[in-house]
Structure formats: structure tokens, C-alpha cells
Amino acid sequence: MNWITNYVRPRITSMFARRDVPENLWTKCDECGTMLFHRELAENLNVCSNCGHHMYIAPRARFTSLFDGGTFTEVKVPEPVVDPLSFRDTKKYSDRIRDARKKTGEKEAMLVATGELGRMPLVAAAQDFNFMAGSMGMYVGNAIVAAAETAVKRKAPLVLFSAAGGARMQEGILSLMQMPRTTVAVEMLREAGLPYIVVLTHPTTGGVTASYAMLGDVQIAEPNALICFAGPRVIEQTIHEKLPEGFQRAEYLLDHGMLDRVTPRGKQRDELIDILRMLMGLPPAIKADLPPPATPEPQGDPVTLSEPAAEETAGLPAEAPKPAEPAPAEAPAKAAETPAKPAAKEADKDAGKTRAPSKK
Amino acid sequence: MTVYLDFEKPLAEIEGQAAELRALARRNPEADVDKESQALDKKAEEMLKQLYGGLDAWRKCQVARHPERPHCRDYIARLFTDYTPLAGDRNFADDHAVMGGLARLDGTPVVVIGHEKGNDTKSRIEHNFGMARPEGYRKAIRLMDLADRFGLPVVSLVDTPGAYPGKGAEERGQSEAIARSTQRCLQLGVPMVTVVIGEGGSGGAVAFATANRVLMLEHSIYSVISPEGCASILWKDAGKMQEAAAALRLTAQDLKTLGLCDAIVPEPLGGAHRHPKQAIDAVGAEILKALGSMAGTKPKALRDDRRKKFLGMGKNGLAA
């Protein structure tokens, strides 16, 4: 027995053992390699706490952190014909869809929901990159049209989080026709005078970028997101030269005048509230207009209201990411002097599901 | 010199023999080759009928890309009068992959926009093989603005492998330019007719093809991705383009079945490149017919018609 067997070997074993922890508990940051504990990561909206790298976030988790109180109602999307062309490459398209459903637990590559954002009605749509690379087929087209129609009906703005490898090749020309179809949806919002904000997330490419994802009234992107029409590999093959550092990344596009803002995930909610309230002609959000939080310590699980449409009401009660920052401490004290707000009549009903906006 | 496609090889053989015979006869007036050469001609025609009667999807792609196929400028030269090209996007450059301007069609002033591929090495490079950059789409938007303001119908001729995948094109907002051009098509208060005359390559085509009436030449194609691109992504083998072409449903006939194309313009036997004038005239007649059907329609009705058309697309898949 010596120093090597007693001390060094166990250390080495434990170092390697640590890599073997179940995948669902630890996630390795693709950028800096830091191992991140899943709870911490979810709390940070899947942004690496070490390097700020934005990782994939599922639409449901995103909505839970976006909508007041983490409460939202899914908008029903008209079902298109499944596998309209009976497409088959090395695998049947219908099998690919089945696998994607199993992998994500979602029906398709886009989730549409309504709820409130800072007590303002909102329709949001989010594309799921884990579902066949978020590709745009008939369903995604229908989802965007349904989102626009719902927004027009409710006179609510639409916020769309894009993420896609492009059009869904397995739907052939029908997927291409989603470009004009989704552009019609954008036109509906425009005509109704409702704001349409696009938040481009990593990656947004191809026919998606060349239609609804670039037609927002305000274009926001997540840091370092790849945003392009043709992918970097295709371009390198075409022009036979190496592309500059950061080419087609969010910051590069911002520099080239293609975006309004690059905003980290944790700050998007507040920013969306501010922008939308200005565009909707509403007074600034008053940080103290909220009833006292249900629990004095807002770090607890978000309270999900027992809404009438319980089965349609989503949210991830246990695993839900929390708001980026706790509610301001003075909020309860000032709640009494809250002036009459557009959403005031609903204040009582909504008390449980409204989250205190975080401090600026 | 005729350019033969790979599947036309047996045809080249026969037509070559016929030409050879006639050449011999010219040098040697005594030789009577009439009967023989006529028989060969007949055989060639039979073969053309057979080949072109049942072109599969990949062969259609080859015909649609045929180097001698009439291009946008051939259509403009033959169908339109007083063509006045208008250039530039007023921001950065004039894109030679997109041509367009004011012209008269059967005496009526219209705005015509189209992709031009070029027909020899020099002009192909000049026109960037019909692959537009953002400037091309922004020029088209400007032309559509003009048409809208002065109540002129818009005719667009689509023939592009796709939008250009280049560094500068990306930096200057290729996707935004395409999206805005599609949007501008939808906003037009004047009639818009599109004819896919060759290749309808993905987003680069949609930007000009979001029209009230979308017509396709018999051997033209319209696809979300090139068969080669699709094969290399889904089959991991660019050589599988034949399979990909069939799976993508990109022929004019497929689009008609799916309800995405309003009418197919028949091509002369052996494809538009064999009898360009005939093909161009047939397209001209169809454009006039389509414009005639929309004459006098109010701007809002035209916009609504376009919206309804695209919103309703693909409801039934191939069962349509």
C-alpha cells in the first residue's frame, strides 16, 4: 500500500466515474465542456452558466418560462395529411415522423400557445429543432397560420421562436409552398395592425429564414445562433474559400444590419414585454402592480392554476425552469396602490398564474 | 449543333445517320438517299415520341435544364414589344441573374420579371447561371412596386437552379430579400401570372412565383431542393438523384395533381429546345388567357384570390 494505490488511483477512478453519470442528470456544454447539473441548467433556461452558450430548449420549457405563471393553453393546429407524397428515402417518412414523436413527445415540429405576457394577451409559437430538425412541412405551415388567426381573433401580438434546418424535403414541393403560405399568415397580422416579433434561435436556415422568420416587425436573435439561407458548408463548396470567423452567426448578422437585437434567453421575457407594450400603445409595465406572490419565497415551483381546459393547459410543474430572477421584494407592499390596468379586471382570476416581472 | 441528353443517345445515332446520308448525297448527286433518310427521319420521330411520351422525373430535370432550352430573354424577345429593361435595386447593384422591365404584351403594357441563365460560357457567367443574389430579388420588388403603382399586370418567368449560395449574398440578406419578394407578390393589387419555363429552384423560384396563376411548361420542374442535393442529404449519396427526383414529385404533372399549378403548357415534340418558337408562342397564348381571365378584377379581390390560393394548397396531398 502506498500513496499511489491509496490516493491517486481512487482519484483517477472517481474522475472517470464522474463522466459516467446518467445522461439525464448532467449535461455537457457543447461549447466549453463544463458539466452542468440538469436542475441548474433548466433554471438557467438551458444556457451554460459557465460560458453563456445557449443550448437547445424544448418549446414547452420555453413557454413555461415565457408566459405569466408558466401557464399557457395550446392552440389546436389543423392536422394536415400525414406523409402526403408517400415519401421514402433510405427510410419511410412515416417512420421518421413516428421516431420523432417518440423522441420529443410532441406531435410535430411547432407548438402554438396562448397565454399572458406581463398581463397582456399573447400568442406564441416555437419551433422544435429536435423534431426532424424543426423542418417546415404542412404541419408547421398550418401551425403558423393558426397562430396568426388566433392572434387576430384575440387582438394579441404574435411572438415566434424559430429553429429549423429548412423546409421538410419529405414533403417535397408541398413543403416549399409553406413559404408563401406562412407569408400569408404574416400578412394577416400586418393587416390587423398586430406586432409580429421573431426570435431567431440556433439554427434557423433555408426556406424558414427565407419566409416567416425574416419578416418580423422586430427581429431578435439568441447569441451565437446560426442564421442563414444557404449553410456554411454549401457556401464553402460553392466559392472554394474559407468563411470568416463568426460568419452567419447572430452577432455577424447584427453587424451587417440584418437583425434588430441579439438578446440572451434570460433577458428576452422582459424585453418582449417592453417592446410589445410600446407597439401595442400600452403604458409601461408597472413592476409593482402584482398581487403578493402565492408563496413568500418565489423560488418554489410555479403555481399552475387549475384552468378549465386542464388537459390542454401545459406546463412542467416539477421541472419547470424558474424565472431568471426572483420577484422584486417591494412588489407586495406596493400592490395596494396599483392603478387600474387594462388587465385589471382579470387580476383576481389570474392572480395565481401571474408572475412578478423581474427587476430591470 | 444539337446537344443530346444521355437518354437521347439512340436518337443521336439515328439523326446522325440521316444527316450523314444527306451530306453524302450533296457530294454525290447520283446517289439516291431520299428513301433511306426519310425512313431514318421517321424512325427518329417515333423514338422522340416514345422517349418524350414517358419521361421520368429525372429525365424531366435534364430536359428542364437543357442548355438549348429557350430562356427568359428568348421569351421576352419573341412575346413582348417595346421591352425596356429597368436595372438595379437602388441599394447595392444590378443583378444580371434577374432581368425585367416594362414591355407590351399584345399591346398591353406589363411589367415582366424573370431569371436568365445565359446560353454560353460567357453569358452564363454574366448571368450567374440564373442564380440571383439579394439585389435580384430587391430589383424584382422594385419592379413590382412600379407595376402596383401604375396598375400594370406582372408576368414572371421562372428559370433558376436556386438563389445563389455566396458569402456576399448571405451578408446582404439573401433570405430577407427572398421573403420580402414573396411578400410583395402577395401584396400586389394587380394581376400576376407566373410561368415556370425551366427549373423552379426552391426559394429562389417562390420569390417570383407567388402569383394568381402559376403555369408550368410540360417538361419544367419545381422543387424544394435539387434532386442532387436531396440525394446527398437523405440518401447520403449524390448519385441517387434519380430516386430523389421521383420521390420529390417535382414535375409539372405532379404539381398539377397536387393542385399547385393551374395549367400545363404543352411543349412541341422532343421538348421546347427542339422547336423554341412554337414553345414560346404557346406560353404567350396561355399568359394572355390567364391575364384575360383576371381583367377588370379589383385589387382587393386579386389579393384575396392569391391568399386563398396559397392558404388552400396541399390540403389533400396526392389524393387531390
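Predicted model only: the values in this text are computed from it and were never measured. (Residues numbered from 1 in each chain as written. Chains lettered and ligands numbered in written order. Predicted model: local features only at pLDDT ≥ 70, side-chain atom pairs only at ≥ 80, totals over all residues. Heavy atoms only, no water.)

Let us now look at the UniProt feature "zinc finger region: C4-type" (unreviewed entry) in chain A. Feature annotation in UniProt assigns "zinc finger region: C4-type" (unreviewed entry) to the following positions: residues 29-51 of chain A. The span residues 29-51 of chain A is 26% helical and 13% strand by assignment, and the distance between its end C-alpha atoms comes to 9 Å. (UniProt positions renumbered as here; feature names shortened; annotations may be inferred. Helix = DSSP H or I, 4+ residues; strand = E, 2+ residues; numbered from the N terminus.)

As a further point, take the pairing of strand E3 (residues 108-115) of chain B. Residues and elements named next belong to chain B. The element E3 is largely enclosed, with a buried count of six among its eight residues. Sheet analysis places strand E2 (residues 98-105) next to E3, joined by eight bridges and oriented antiparallel. The residue bridging Ala103 from the neighbouring strand is Val110, located in E3. Here E2 hands over to E3 after two residues, with Asp106 in that stretch at a positive phi of 55°. Pairing of E3 with strand E4 (residues 154-160), which is carried by four bridges, proceeds in the parallel orientation. Across the sheet, the residue bridging to Ile113 is Ser156, located in E4. (Buried < 20%, exposed > 50% of the residue type's maximum accessible area, 1.4 Å probe, protein only. Pairing = 2+ DSSP bridges.)

Time to look at the packing of helix H3 (residues 59-66) of chain A against helix H11 (residues 265-279) of chain A. Residues and elements named next belong to chain A. One can describe the packing of H3 onto H11 by two numbers: an axis separation of 10 Å at closest approach and a directional angle of 50°. Our classification of the angle between H3 and H11 gives oblique. The crossing of H3 and H11 is right-handed. Each of Arg62, Ser65 and Leu66 in H3 lies in contact with H11, whose residues at this interface are Arg265, Gln268, Arg269 and Leu272. For the contact of H3 with H11, the residue count by class is two nonpolar, two polar and three charged. (Axes fitted to C-alpha atoms, helices over the stretch in contact; angles between N-to-C directions. Parallel < 35°, antiparallel > 145°, perpendicular 65-115°, else oblique. Left-handed = near helix turned anticlockwise from the far one by under 90°. Contact = heavy atoms within 4.5 Å. Nonpolar A, V, L, I, M, F, W, Y, C, P; charged D, E, K, R; others polar.)

Residues and elements named next belong to chain A. Under the domain assignment used here, chain A contains domain 1 (24-55) and domain 2 (56-279). Computed from C-alpha atoms alone, the centre-to-centre distance between domain 1 and domain 2 is 23 Å. For the domain 1 and domain 2 pair, buried surface summed over both sides reaches about 660 Å², with 55% attributable to carbon and sulfur atoms. Three residues stand out in domain 1 for area buried against domain 2, namely Leu45, His54 and Met55, and they jointly supply 81% of the buried area on that side. Counting across the domain 1 and domain 2 interface gives zero salt bridges. One can count six residue pairs in polar contact (both at pLDDT 80 or more) joining domain 1 with domain 2. A breakdown of the residues in the side of domain 1 that touches domain 2 according to their chemical character gives three nonpolar, two polar and no charged. (Domains from an automatic or database assignment. Buried area = accessible area lost by both parts, 1.4 Å probe. Salt bridge = Lys/Arg side-chain N within 4 Å of Asp/Glu carboxyl O. Polar contact = N/O pair within 3.5 Å; in protein donor to acceptor, adjacent residues only side chain to side chain.)

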